[in-house]
Amino acid sequence: MRTSESGPGSHGKGVGLGLALGSALAFGGSGVAAKPLIEAGLDPLHVVWLRVAGAALVMLPLAVRHRGLLRRRPGLLAGFGLLAVAGVQACYFAALSRIPVGVALLVEYLAPALVLGWVRFVQRRPVTRAAALGVVLAAGGLACVVEVWSGLSFDALGLLLALGAACCQVGYFVLSDQGSDAGEEAPDPLGVIAYGLLVGTAVLTVLARPWTMDWSVLSGTARMQGGAVPALALLAWIVLVATVAAYITGVLSVRRLSPPVAGVVACLEAVIATVLAWVLLGEHLSLPQLAGGVIVLVGAFIAQSSTPARGSAEPVAGGGAERELSVRGTAA
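The rules behind the values
Residues numbered from 1 in each chain as written. Predicted model: local features only at pLDDT ≥ 70, side-chain atom pairs only at ≥ 80, totals over all residues. Heavy atoms only, no water. Pairing = 2+ DSSP bridges. Helix = DSSP H or I, 4+ residues; strand = E, 2+ residues; numbered from the N terminus. Axes fitted to C-alpha atoms, helices over the stretch in contact; angles between N-to-C directions. Parallel < 35°, antiparallel > 145°, perpendicular 65-115°, else oblique. Left-handed = near helix turned anticlockwise from the far one by under 90°. Contact = heavy atoms within 4.5 Å. Nonpolar A, V, L, I, M, F, W, Y, C, P; charged D, E, K, R; others polar. pLDDT = per-residue confidence, 0-100. Expected span 1.5 Å × (residues − 1). Bend = angle between axes of the 7 residues up to and from the residue. Buried < 20%, exposed > 50% of the residue type's maximum accessible area, 1.4 Å probe, protein only. Polar contact = N/O pair within 3.5 Å; in protein donor to acceptor, adjacent residues only side chain to side chain. Phe/Tyr/Trp six-rings, centres within 6.5 Å; stacked < 30°, edge-to-face > 60°. Core = buried A, V, L, I, M, F, W, Y, C linked by side-chain atoms within 4.5 Å. Patch = residues over 30% accessible without salt bridge, like charges linked within 9 Å, V, L, I, M, F, W, Y side chains within 5 Å. Areas by Shrake-Rupley, 256 points an atom, 1.4 Å probe, with all protein chains shown as cover. Salt bridge = Lys/Arg side-chain N within 4 Å of Asp/Glu carboxyl O.

Draft legend 1. Region of the structure containing the pairing of strand β2 (residues 227–230). Sheet topology note: the strand β1 (residues 221–224)/β2 ladder contains 4 bridges and is antiparallel. Along β2, the bridge assignment pairs R223 with A228. Between β1 and β2, which follow one another and run antiparallel, lie 2 residues, and Q225 among them has a positive phi close to 55°.

This is the structure we're talking about:
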């Protein structure tokens, strides 16, 4: 057995995997909380605006604390807000108005493959075969989870919007990794998230026009599994868990792993969302969906367990001790 497997790099990778799984769980829980609010009378885009604006308000003290980022990394903050926050949400919900949910979700989660393409052909950095295999398995598993064959539509604009969501998600993983190798000079991830949420709120305010929202819905209840749940409780879950906690754990996981590996593990969000919908909303899983979930799990495990290729520069999907040391410098 190789002794390096139990070293600091292996420990950092394990923590990164745990963070990535936590992020997938948090993001995956957004749908089961948002759907009752939508069924209670809120527009989907208004739910998105409440989600991002509420999270921005929670993170505002951190934005003030890290205000130096506005001077040092304005491009990173603007890009994270436009792509990782506003872009993903707006493109995905716009796609849903034209194509089936399953198709939109599958196209969006082509992002891990696009990330591998980015680092391999644009950054010209090597990637491991295990990471590539993990992406292929995860994409195939997702096709089963969302049952893409049950309602395929070829609306060109809808598919383009879903692809736009995938590209914006690539921006999320790539920008989350910015500065991870800069040690103490790396931008604080909490500051980046805080300002990204503020930028996203500004963009979504123009798109969602929250002044037209039926605010009375929030003072009532929503139905979940035949029971009544306070709408504000669902909104609190969406803001605190499915947004604030999800982004924090997600960005930290990218910095400990790598964009390609974290992207594949993030595919578990679709599986988690489907399982939670089964448990909390009574949306039953079919046998192909269960099989697809297993395939996604296998793909995520293969990708995160990848190691650097012998005799070559460390692949970006491999993680390593250098990344662990840099994360220690950014965690303060």
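Draft legend 2. Fine view of the packing of helix α5 (residues 74–96) against helix α10 (residues 189–208). At a minimum axis separation of 7 Å, α5 and α10 run at an interaxial angle of 50°. Between α5 and α10, the angle falls in the class oblique. Read as a crossing pair, α5 and α10 show a hand that is right-handed. Side by side, α5 and α10 meet where L76, L77, A78, F80, G81, L82, V85, A86 and A90 of the first sit next to G191, V192, I193, Y195, G196, L197, V199, G200, V203, L204 and L207 of the second. For the contact of α5 with α10, a count of residues per class yields 16 nonpolar, 4 polar and no charged.

Draft legend 3. Region of interest: the confidence of the model for the chain. The predicted model of the chain has a mean per-residue pLDDT of 78, with 80% of residues at 70 or higher. Considering only residues more than four positions removed or in separate chains, one finds that residues 1–8, a stretch of pLDDT under 50, has 5 contacts. Considering only residues more than four positions removed or in separate chains, one finds that residues 307–332, a stretch of pLDDT under 50, has 58 contacts.

Draft legend 4. Inspection of helix α11 (residues 231–256) at higher detail. With 26 residues, α11 should reach 38 Å at 1.5 Å per residue; the first-to-last C-alpha distance of 36 Å fits that figure. Where α11 bends most, at A246, the angle is about 30°.

Draft legend 5. Quick look at unusual backbone geometry. Residue R209 is not a glycine yet carries a positive backbone phi of 45°. By secondary structure assignment, the location of R209 is in the loop between α10 and β1.

Draft legend 6. Up close: the side chain of S30. Inspection of the secondary structure puts S30 in helix α2 (residues 30–39). Relative accessible area serves as the criterion here: at 13%, S30 is assigned to the buried category. Within the structure, the side chain of S30 is placed 2.8 Å from the backbone oxygen of F27, a separation counted as a polar contact. With residues near it in sequence (within four places) discarded, S30 still touches R51, I238 and A242.

Draft legend 7. Examining the packing of aromatic side chains more closely. Overall, the coordinates contain 6 aromatic pairs when judged by the stated rule. Both rings, one in F80 and one in Y247, keep their centres 6.2 Å apart while their planes meet at 65°; by these two values the pair is edge-to-face. One end of the pair, F80, is in helix α5; the other, Y247, is in helix α11, and 167 residues separate them in sequence. The same class applies to F80 and to Y247, which are both buried. By way of ring pairs, the aromatic residues F27, F80, Y172, F173 and Y247 are connected into one cluster.

Draft legend 8. Local environment of the nonpolar core. If you look at the biggest cluster of nonpolar residues, it comprises 74 residues, and the most contacted ones within it are L42, F80, Y172, L197 and Y247. Setting aside chain neighbours within four positions, we find L42 in contact with L37, V47, L50, M213, D214, V217 and L218. Ranked by size, the runner-up nonpolar core spans 7 residues in total, among them C91, A95, A104 and A162.

Draft legend 9. Region of the structure containing a nonpolar patch on the surface. On the surface, V275, W278, V279, L280, L287 and L290 cluster together into a nonpolar patch covering about 530 Å² of accessible area. At the level of elements, α13 (268–281) and α14 (287–304) are the ones that each hand at least two residues to the nonpolar patch. Top contributing element to the nonpolar patch by residue count: α13, with 4 residues. For L280, the location among the structural elements is in helix α13. L280 gets classed as partly exposed once you look at its relative accessible area, which sits at 31%.

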